[in-house]
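Coordinates in review
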Amino acid sequence: MAVELCLLLLLLFCGSTISEVQPIYKPPPGTLDFGFVPAKTYDTGAYHEPGAIGILFKIVHAFLYLVQPNTFPQDLIRKLAQQQFGNTQGDYQKPENVVLTLQAIYYEIGFIVSAALGLLFILLLPLVGLCFCMCRCCDNCGGEMHQRQKKNADCQRSCFATFLFVASLIISVGVLCAYAANQHLTNQVRGAKKLVNSNFKDLKIFLNDTPAQIDYLVSQYNTTKDKALSDLNNVGPVLGSRVQEQLGKEVRPALDAALTMAGAIRETKEALENVSVSVEVLQEGTERLHANLTEVKMHLSNTLNDSACSAAQAASTCNIIRNSLAQLNINANFSGLPGVSSQLAKINDVLKIDLSSLVQKGYAAFNDTPDLVVNQTRNILSDIKSVLESIGSNITTFTRALPVQKILADLMVHLTQSEAYVQDYFPLVEQYDFYRWLGCLILCCMLVLILVFYYLGLLCGTCGYDKHASPTTRGCISNTGGNFLMAGVGFSFLFSWVLMIVVVLTFVTGGNVEKLVCEPFEDKNLFKVLDTPYLLNKHWKNYLAGVIFKNPNVNLTFEKVYSDCKENKGIYTSLHLEHLFNINELLNISMYTEDVALKIEHIQINLSKIILLDEIGKENLLNFSSSGIDGIDFSAYLTEINKSVTKVDLLSFANDLEARADQLPKGALENALKGHANNIRMIHNQQVVPLEQAMKYVKARSTLNQSIRLLKRTSSELMVKVKNVISAVNAAQDLINNNASQVIVQETKKYMDTIIGYFEQYTEWVKESISMEVAACKPIANVIDTAVDIFLCSYIADSVNTFWFGLGGSSIFLIPAIIFAVKLSKYYRRMDTEDVYDDSSVSGTWHFTL
């Protein structure tokens, strides 16, 4: 598949390309990392910054907008291009042609009026100059060397000098603008070679870099293959783990329950043993205490039976003591609790079988699922690996068979020839540009010569003027200044029409280039005109598609190609190469993955050898449920545990006994009772307190309490719990034996989708790379921008327009300069006659003195 991709890329160099960009595929298992397609950076920056002269360019653009404010006439140009003129004599008289002509005139009215004014200038100024010259030769039009004296002569002279100076300054500015534009164009032409070489360099990179990009796309098949082989080599962890994970949703809880029950059996045994030991310890302590209390009670009873208690003073006290003797007895009687030896014996019989070991064997058998998958799929996986290797071999073989290098070499030859042609003729371009520069410089020098005469005339006339001197006695310097002014006038008449001819020609040409080419190129309206159906070829709807694909019905436009290349998209996208070679068909993974899918679908895995829990383990669980622990009288145990050691507090009883003895008469009876009280205190301190506080007995009580409660919890619905565990194990075993095939089929399908997903990722990545990265056609857009936007518009059109703008402005201001110079020269030149006022004559009479 990557091979066809190579072929596709090669064909794009022959002139074909596509535009459909496929979305990046995101496979379920994870994304493969194919890295970045190797791409070099293009050097050409198709953007021109004119610098300071850009201000003049903007002024000229604003002036052209005033002359031609109309928008780009797309429809008019389309109609003019499609309309046939001049085929027959009456074509121009057709109504539609007349309308188009009028529309064209209306659009060009600004240029037409301006050009007409320029032509009028060209025709009239030489004629006016000729008439002016002849008139002055006849001593008219200021040709008479006589100046009438006027009271405001100084004011007029100053005004004429000022106006002439201002006009000269404006002319000077125009000359500087024209010279700057002329020099700017020459400088750009001289520096254009570097830009041209940069474009050729980028085109070479474009050609040289593409094979490496294609090779990279092909080589990344190994990434896909290696990942697929890795999953195949790890079929146990991958497919086996997936099967195990799905089955484990029921198997693991069942085994966990069985393992928990095995732990409960061990805990039950420990609890029963604790109950037996704790009861024995507590029985021993309470029996000894019971014997001592019985003995004290007997001795005390004997004392109370003494004759001294029959006395009237002691009888009531003795009776009270005798009635309280029943309290001298133990309260908690552990000797009467039922034993647990029979239950413990049954539990010991149950524990003769290691249920935990049996459950662990079930775990181990279930955890061997990946190994079972590996063993049972070994032959099929070897076939799949062979298929993958064969695909890689086919790709490599087909890639080597493609004439990539030959096609690229041919294109490189054409590019090298074109570069050599440009390099050979570039000196000729520079030479012609030198002639152009020299001609424009001569035009500027014409104006400079006129300005020199005007400035010298102003300088000499102003410096040499003597207001006290009469017109016939003016100095040589002043007279020279006047002659310079008239010389400037003469050269103005001689050169102005020549300058205006150049201005009109460059104005009409440069202005229309700016309005009809540069501006519509910038906003892409020019491409819309070129993309007009049947415009460039009356038989083709889309000209570019007709040239490239020989199918004019394909929607391929100049604007779309230029925009895509401007965004540095792949040439396959830009030129819509799918109409020659549809990459979706070439990269159809079904033809490559069908064999792999068939092989994977034939995977069959048998898990019937997995035994979760055998019959012995199940029988063991049943024996545990019938061990009899649920028959233990837990309430009896808990009742005795919660009782106090004795029925009465012996210490309080002894104190009370001693207090009553003090109520008796002094004697043997009193002393005997006090002796019994001391014995009771001794029993309390030596036996009752240890039973309540000694660690041995406290621990025995606590252990007995905990064990009884644990046994009570365990025995609660024990039979139901055991049956539930056995049912869960049987259900899980049934799933493995009978329904595992469905799980295996489902997981095998997912596993197959994972493997196929790697190929889908690869093909989608290849499509995306071809569309957006491989053979990025930015150099093509740069060539167009360089030729039109930079060379034609920025270098030539802007410079030419600025040149005629400066030259034309200077030429127009020659008219007021001529008028003011003629007027001002009269005040600087030495006159042949002057007006003189004679006092001896009749009052108010002037005489002319020769």
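Residues numbered from 1 in each chain as written. Predicted model: local features only at pLDDT ≥ 70, side-chain atom pairs only at ≥ 80, totals over all residues. Heavy atoms only, no water.

Further remarks concern the overall build of the protein. Per the secondary structure count, the protein includes 29 helices and 3 strands. Here the protein holds 850 residues, and 47% of them are scored as buried. Partitioning the intrachain contacts of the protein with sequence separation of at least 6 by distance along the chain shows that 88% fall at a separation of at least 24. Of the roughly 42100 Å² that the protein leaves accessible, carbon and sulfur atoms contribute 58%. (Helix = DSSP H or I, 4+ residues; strand = E, 2+ residues; numbered from the N terminus. Buried < 20%, exposed > 50% of the residue type's maximum accessible area, 1.4 Å probe, protein only. Contact = heavy atoms within 4.5 Å. Areas by Shrake-Rupley, 256 points an atom, 1.4 Å probe, with all protein chains shown as cover.)

The tally for this structure, following the rule as stated, stands at 7 salt bridges. One salt bridge connects aspartate 433 with arginine 436, and the closest N-O pair in it is separated by 3.0 Å. Of this pair, aspartate 433 and arginine 436 are both found in helix α14 (residues 404-464), 3 residues apart, which corresponds to roughly one turn of the helix. Lysine 560 is the partner of aspartate 564 in a salt bridge, and the nearest nitrogen-oxygen pair spans 2.6 Å. Placement of the pair is aspartate 564 and lysine 560 together in helix α18 (residues 558-566), with a separation of 4 residues, close to one helical turn. (Salt bridge = Lys/Arg side-chain N within 4 Å of Asp/Glu carboxyl O.)

Turning to the state of the cysteines, a few remarks are in order. This model, assessed by the stated rule, comprises 2 disulfides. Paired through a disulfide, cysteine 518 and cysteine 793 show a sulfur-sulfur distance of 2.1 Å. Its S-S torsion of about -100 degrees marks the bond between cysteine 518 and cysteine 793 as left-handed, since a negative value means left-handed. Here the residue cysteine 518 occupies a position in helix α15 (residues 476-522), and cysteine 793 occupies one in helix α28 (residues 778-812), the gap between them amounting to 275 residues. Using a relative accessible area of 5% as the deciding quantity, one classes cysteine 793 as buried. Note on cysteine connectivity: cysteine 565 is disulfide-linked to cysteine 777, with sulfurs 2.2 Å apart. (Disulfide = S-S within 2.5 Å.)

Interhelical geometry of α15 versus α28 gives an angle of 145 degrees and a closest axis separation of 8 Å. Note that α15 runs across α28; the crossing there is left-handed. Class assignment of the residues belonging to the contact of α15 with α28 gives a composition of 19 nonpolar, 6 polar and 4 charged. (Axes fitted to C-alpha atoms, helices over the stretch in contact; angles between N-to-C directions. Left-handed = near helix turned anticlockwise from the far one by under 90°. Nonpolar A, V, L, I, M, F, W, Y, C, P; charged D, E, K, R; others polar.)

Moving on to unusual backbone geometry. Of note in the backbone geometry, lysine 524 takes a positive phi value of approximately 70 degrees without being a glycine. Among the secondary structure elements, lysine 524 is positioned in the loop between α15 and α16 (525-530). A relative accessible area of 26% places lysine 524 in the partly exposed class. The backbone phi angle of asparagine 568 is positive, close to 65 degrees, even though this residue is not glycine. Looking at where asparagine 568 falls in the secondary structure, it is placed in the loop between α18 and α19 (571-574). Judged by relative accessible area, which is 31%, asparagine 568 ranks as partly exposed.

Now for the nonpolar core. Of all hydrophobic cores here, the largest spans 49 residues; its most connected members are Leu164, Tyr454, Val489, Phe803, Leu807 and Leu824. Contributing elements (two or more residues each) for this core: α2 (54-67), α5 (109-137), α6 (153-219), α14, α15, α28 and α29 (814-828). No other element matches the 10 residues that α15 contributes to this core. Ignoring sequence-local partners within four residues, the contact set of phenylalanine 803 consists of Ala178, Ala181, Asn182, Cys440, Leu443, Cys444 and Val502. Residues Cys518, Val561, Cys777 and Cys793 belong to the second largest nonpolar core, which totals 48 residues. (Core = buried A, V, L, I, M, F, W, Y, C linked by side-chain atoms within 4.5 Å.)

Honestly, that's just the spatial picture; any functional story needs more than this.
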